[in-house]
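Structural features, examined
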Amino acid sequence: MSTKAYYPLSEIGAGKTGFSKTRSIIEAAFYGNNVVKVSTLREAYELAKNSPGTIVTDMPVYRGEEFGLDKDAKVLLFNDGAVTGRYAAARRIKGEPGVDAAKLDKVTMDAVYESRWKTMYHAEVYVGLDPEFMVKAHLLIPEGEENIMYNWMLNFQYMSDEYVKMYKNSKAVGDGKEPDIYIFSDPQWIPQERPDVDYSCLSDPLTLCYFDTAENCACILGMRYFGEHKKGTLTMAWAIANRNGYASCHGGQKEYTLADGSKYVASVFGLSGSGKSTLTHAKHNGKYPITVLHDDAFIINTDTCSSVALEPTYFDKTADYPTGCPDNKFLLSAQNCSATLDEDGKVQLVTEDIRNGNGRALKSKLWSPNRVDKIDAPVNAIFWIMKDPTIPPVVKLKGAALASVMGATLATKTSTAERVAAGTDLNALRIVPYANPFRTYPLVNDYEKFKKLVEEKNVDCYIINTGDFMGKKVQPKDTLGILETIVENKAEFKQWGNFEDIEIMEWEGFVPDLNDEDYKAQLKNAMQNRVNAVEGFATKKDGYDKLPEEALEALQKLVEEV
């Protein structure tokens, strides 16, 4: 089995794998006499359908019986309230400097105690869709939150006969030393004054997302948004992958088959709203046979360079899919959208973010007709997607240190998928290393993994700007045209100005003028911001995310070359 659920008595005890204090607090709750096991998607669907506040639309789930639902299943809509995005500030990672695990453990203990008065549901899924990498995850969540549980089981791989057999035949991750993932969640939690409970360890007095990723467990309190549960689960799967020789990827990957029969595997990395899903699913007008791995979560084996998807379905924004859009045929469930009656009196979804920002839906894997769960062919190229107005639509990076540190200083804008503090400038550029705000281990781990892919495995590395370049919008047709030119090996890159390690393909309408002093000043400032970010990694959180000197030197060289 891939992760460990059962222990010989000799392996149980203090100091042994799977028995940290935090995990012991969380796992015990799963065995309470108030816990009801939910084993199938059909059960979860019935519970969610009958949960107070659920809107049962008249939109059928397309071919739902193929993945564990009854033939007459409908798309279920559930709305969370005021919060409709992820809240990174609530995250607390055990082991990081400044995180008071003793206080957080007490908060968790008290939350578990209070859950005794509720019926709790226990659901299980697999994360990772190939025998090479599969881990089992458990969720414990109270009655009334059936839609979160149902969406969680839809988002990951429910325990079908096929996948149960696959899991039994899968490799033991970490030589059998990785325990199952356990997540305790109580969205109804409200902190109350209790003896020995100190809430000063929380950044937000009403919410907490506490991870002990070394022992594969988490406690999520006061958070209704399904995305917290999805990304919380992925957070731990990515941490397991990182410990076991994989590069953990928040991005998309696809494989092109070219006219000569050769394969080209492209990986794109970007935050929600950057265009990674659009690029991943683009069909290029049928120019090539294409297979899609996933558009949000996968891992790359840094030895073989093959890749494994972590989820079967897609958690997609509904803003670009109006009511009646053909793509909506593949919806499984929806969150934070409205509803209305059509001319036949049928309940239909109202999308396009009219009700709120970041309306979401889960789509079945059938949405992508050429979907695969593993790409055996080695990855050819990494594309860092940025929204930096000083970077042309595409540049190519030479040198493994520069290629990796540019990913570590990926510049982008805040998306509607995120809940941010009041007053935050949503248009300001910010640095999100590798477009993955869900890392729970030192940043240098990702830096070394991506550096290895470029340095030892000859993976090419590019930056593509899907935002504006000096006031001119980079259109999807530009980005797709650039991708096609690179994939077909027709791209002509040449040295960009004085940059020894950056090459440019001049794309019509977007040729940078390095004689323009204003542009040069903005470009220099953008590169200096990256230098500042890496210097900040070395000091913030007591240097927890410090990168090697070579990374800083690669960026400082760019500033000098401007």
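Look up a bit, the structure's there.
Counting starts from 1 at the beginning of each chain's written sequence and moves along it residue by residue. For a predicted model such as this one, the threshold for reporting local features is a pLDDT of at least 70, and the threshold for listing and counting side-chain atom pairs is 80 or more; totals across whole chains, interfaces and linings nevertheless cover every residue. Side-chain figures throughout are based on the complete set of non-hydrogen atoms in the structure, without hydrogens or water.

**Quick notes on the overall build of the protein chain**
Numbered from the N terminus, helices here are DSSP runs of H or I no shorter than four residues, and strands are runs of E no shorter than two. Helix and strand content of the protein chain: 12 helices and 29 strands. Residue exposure (1.4 Å probe, protein chains only): buried if accessible area is under 20% of the type maximum, exposed if over 50%, otherwise partly exposed. When the 562 residues of the protein chain are sorted by exposure, 59% land in the buried category. Whether two residues touch is decided by their heavy atoms; if any such pair falls within 4.5 Å, the residues are in contact. Across the protein chain, contacts joining residues at least 24 apart in sequence account for 75% of those joining residues at least 6 apart. Roughly 22,400 Å² of accessible area belongs to the protein chain as shown, and the carbon and sulfur atoms make up 49% of that amount. Areas reported here follow the Shrake-Rupley algorithm with a probe of radius 1.4 Å; residue values treat only the protein chains shown as occluding.

**With respect to the environment of Leu221**
With respect to the helices and strands, Leu221 occurs in strand β9 (residues 217-221). Distance from Leu221 to Pro326, taken between C-alpha atoms, is 37 Å for residues 105 residues apart in sequence.

**Considerations on the sheet that holds strand β1 (residues 35-38)**
Pairing between two strands is assigned when DSSP locates at least 2 bridges connecting them. Read from one edge to the other, the open sheet built from 7 strands follows the order β1-β5-β6-β7-β9-β8-β4, with strand pairing classed as mixed. In this open sheet, the two edge strands, each paired with only one partner strand, are β1 and β4 (91-93). The mean inter-strand angle of the sheet, taken between neighbouring strand axes irrespective of direction, is 20°. Both strand β5 (residues 120-130) and strand β6 (residues 133-142) contribute to a ladder of 9 bridges, which runs antiparallel. Each residue of the ladder has a partner; that of Asp130, found in β6, is Phe133. In this description, a line fitted to the C-alpha atoms serves as the axis of each element, helices being fitted only across the stretch in contact, and the angle between N-to-C directions of two axes falls anywhere from 0 to 180 degrees.

**Quick look at helix α11 (residues 517-537)**
Multiply 1.5 Å by the residue count of a helix minus one, and that product is the helix's expected span. With 21 residues, α11 extends 30 Å from end C-alpha to end C-alpha; this agrees with the ideal 30 Å at 1.5 Å per step. Taken together, the buried positions of α11 are Tyr519, Leu523, Ala526, Met527, Arg530, Val531, Ala533, Val534, Gly536 and Phe537. With a side-chain oxygen positioned 2.9 Å from the backbone nitrogen of Asp518, the residue opening α11 is Asp516. Pairs of N or O atoms are called polar contacts if they sit within 3.5 Å, as long as, within protein, a hydrogen donor faces a hydrogen acceptor (for residues adjacent in sequence, only side-chain-to-side-chain pairs).

**Some points on the pairing of β9**
Across the 5 residues that make up β9, a large majority, 5, are buried. Neither face of β9 is left uncovered, since the one carrying Cys217, Cys219 and Leu221 and the one carrying Ala218 and Ile220 both have all their residues buried. The pairing of strand β7 (residues 181-186) with β9 spans 5 bridges and is parallel. Its bridge partner being in β9, Asp186 is matched across the sheet by Leu221. Where strand β8 (residues 208-212) meets β9, 5 bridges bridge the pair, whose relative direction is antiparallel. Bridging from a neighbouring strand, Phe211 pairs with Ala218 of β9. Counting the residues that bridge the hairpin from β8 to β9 gives 4 residues, and of these Asn216 lies at a positive phi of roughly 60°.

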